[in-house]
Amino acid sequence: MSLLKYEWRKLAGMPALWAFAAMCLLFNCVLLYATLWTCRDFNEGSAIAVQLGQRVDADFIAGFAQLPPADTPEKQAEQDKLLDFLRKMDDTLARYDSASVRQEYAEFLSVSPLSASLMDWKIQRAALRAEHLAQTGAAMDFFVGPITGQANGVIYKIFFKALLSEGIMLGILSMLFLLDYERNNRTAAAVCSSRVGRKLWRTKALAGVTAALALYLLLVILSFTAFFALWNWSGVWNASMASQFNTGIFNQSDFNYDSCRPFLPWADFTAGSYLLAIITLGAALAVVFTLLTAIFGVLIGNAYASALAMVIFIIASWAIWYTSYMQGCWAVFTPLSFLPASLWDQTLGWFTDGGIMYFIPWQETVTTALWLILGGGGTALALRRFNRKDVRI
């Protein structure tokens, strides 16, 4: 335990790490400022939910009709349009046609039988979820009205993805700094001259992982403190993520429900529980990238070369995955969708059916668990090899 504390102290005494963390926090605040226009509409919708309740029923519609007139003609027109929409609302999940969805995917993925088979199995599971959510009336939640889909895009595809990326980079930097510390200070030969000294690298790997978690959580706490200072979530904590407003359906001029894919979570997530699950999975993904960095760092033995190898691995895997998607090469795209880089790219689709991006239920969870095992096992093997090889000064 004392050795672990010494490794943490090395990180704590690294000014560049804290400077980078401060820059990340500042960047997140800039992102929040840049999305104030979405925040204002979100807060207005949240205030309506606080006043009228979350479920759209007769009382909700009557209360909405009695709201004070809007300040401008443009906003009044939007309010009238929304009222008209609320009066026409029905449970879209009760009309979810899984047969047609399965047929569309079967034709789309016909060039890859394995991809088509996996997708068909997933859609069958999604149909069961739609049936369950229809029984709960989740699609009838107001959430925050027309801005719901756009706001969730801002929160999870922009703000949280930036935060996750920063947490991953902090984990990578921490691990590389610790693994290369002895070489940079020319103490590697002395430390590695004994079997006990070689075991220090196990402590370094553990310190790097725990530091990555701590830095990620610190960044999450500070960034979301700033977030909730601006975004009023008082009316949405208990709103279902399966709300039909989360599909962007209100923005369809003809109210064509069939043109919008339902947001089908694999569990009965509310806005609050979904945010907590996203943050938790983000922490696990940050650990995955940190463990992969440990493998490169231990095997290569040079922080700069290890960082370059890590960058190549991440960019190359993402680029091949994205290119296979754009080219419709589903036989390649399907297995590559289980890579950490592709999981990082789809933050808003976590814990949902994910459309064409995911091929099995809970794919983000399965992928993270798989790479935690691979990363942990790979790190253990790399450390075992390190114990037997000559040290390069």
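Residues numbered from 1 in each chain as written. Predicted model: local features only at pLDDT ≥ 70, side-chain atom pairs only at ≥ 80, totals over all residues. Heavy atoms only, no water.

## Notes on the packing of helix H2 (residues 15-34) against helix H8 (residues 148-179)
Helices that pack against each other are described as a pair by the angle of their axes relative to one another and the distance between those axes.
Move 1: At their nearest, the axes of H2 and H8 sit 10 Å apart, and the two run at 175° to each other. As judged from the angle between their axes, H2 and H8 are roughly antiparallel. When H2 is examined against H8, the residues Leu17, Phe20, Ala21, Cys24, Phe27, Asn28, Leu31 and Leu32 are found in contact with a partner set consisting of Ile158, Phe159, Ala162, Leu163, Glu166, Met169, Leu170, Leu173 and Ser174. (Axes fitted to C-alpha atoms, helices over the stretch in contact; angles between N-to-C directions. Helix = DSSP H or I, 4+ residues; strand = E, 2+ residues; numbered from the N terminus. Parallel < 35°, antiparallel > 145°, perpendicular 65-115°, else oblique. Contact = heavy atoms within 4.5 Å.)

## Side note on the nonpolar core
Move 1: Trp231, Trp233, Tyr274 and Trp350 are the most contacted members of the largest nonpolar core, which totals 76 residues.
Move 2: Elements with a contribution of two residues or more to this core: helix H3 (36-52), helix H6 (98-108), helix H7 (113-136), H8, helix H12 (200-230), helix H13 (271-300), helix H14 (303-327) and helix H15 (330-336).
Move 3: Top element by residues in this core is H13. It accounts for 14 residues.
Move 4: Discounting chain neighbours no more than four positions away, the residues touching tyrosine 274 are Tyr156, Met241, Phe263, Phe269, Thr347, Leu348, Trp350, Phe351 and Thr352.
Move 5: The next biggest cluster of nonpolar side chains, apart from the first, holds 14 residues, and it includes Val56, Phe64, Leu86 and Phe245. (Core = buried A, V, L, I, M, F, W, Y, C linked by side-chain atoms within 4.5 Å. Buried < 20%, exposed > 50% of the residue type's maximum accessible area, 1.4 Å probe, protein only.)

## Here's the deal with the environment of alanine 380
Move 1: Within the fold, alanine 380 resides in helix H17 (residues 363-386).
Move 2: With a relative accessible area of 45%, alanine 380 lands in the partly exposed category.
Move 3: In this structure the C-alpha to C-alpha distance between alanine 380 and glutamine 150, which are 230 residues apart in sequence, comes to 43 Å.

## Some points on the confidence of the model for the protein
Move 1: When pLDDT is averaged across the protein, the result is 89; 91% of the residues are at 70 or more.
Move 2: Averaged pLDDT values over the elements of the protein bottom out at 59 in helix H10 (residues 188-191) and peak at 96 in H13.
Move 3: Note that pLDDT drops below 50 for residues 249-259; the model gives that stretch 22 contacts with residues more than four away or on any other chain. (pLDDT = per-residue confidence, 0-100.)

## Focus: H14
Move 1: For H14, with 25 residues, the first-to-last C-alpha span of 36 Å sits near the 36 Å given by 1.5 Å per residue.
Move 2: For H14, the complete set of buried residues consists of Ala303, Ser306, Ala309, Met310, Ser317, Trp321 and Ser324.
Move 3: Where H14 begins, the capping side chain belongs to asparagine 302, and its oxygen is found 3.0 Å from the backbone nitrogen of tyrosine 304. (Expected span 1.5 Å × (residues − 1). Polar contact = N/O pair within 3.5 Å; in protein donor to acceptor, adjacent residues only side chain to side chain.)

## Some points on the pattern of salt bridges
Between side chains of opposite charge, pairing is possible as soon as their charged atoms come close.
Move 1: Under the counting rule described, the total for this entry stands at seven salt bridges.
Move 2: Here aspartate 90 makes a salt bridge to arginine 95, at a shortest N to O gap of 3.2 Å.
Move 3: For aspartate 90, a relative accessible area of 31% puts it in the partly exposed group.
Move 4: Across the pair aspartate 120 and arginine 102 runs a salt bridge whose closest N-O atoms are separated by 2.7 Å. With a gap of 18 residues between them, aspartate 120 in helix H7 and arginine 102 in helix H6 connect regions that are remote in the sequence.
Move 5: Classification of aspartate 120 by relative accessible area gives partly exposed; the value is 23%.
Move 6: The class for arginine 102 is partly exposed, based on a relative accessible area of 31%. (Salt bridge = Lys/Arg side-chain N within 4 Å of Asp/Glu carboxyl O.)

## Section: H2
Move 1: Under the 1.5 Å per step criterion, the end-to-end length of H2 is 29 Å for 20 residues, consistent within 8% with the ideal 28 Å.
Move 2: Packing partners of the buried residues in H2 comprise helix H1 (2-12), H3, H8 and H12.

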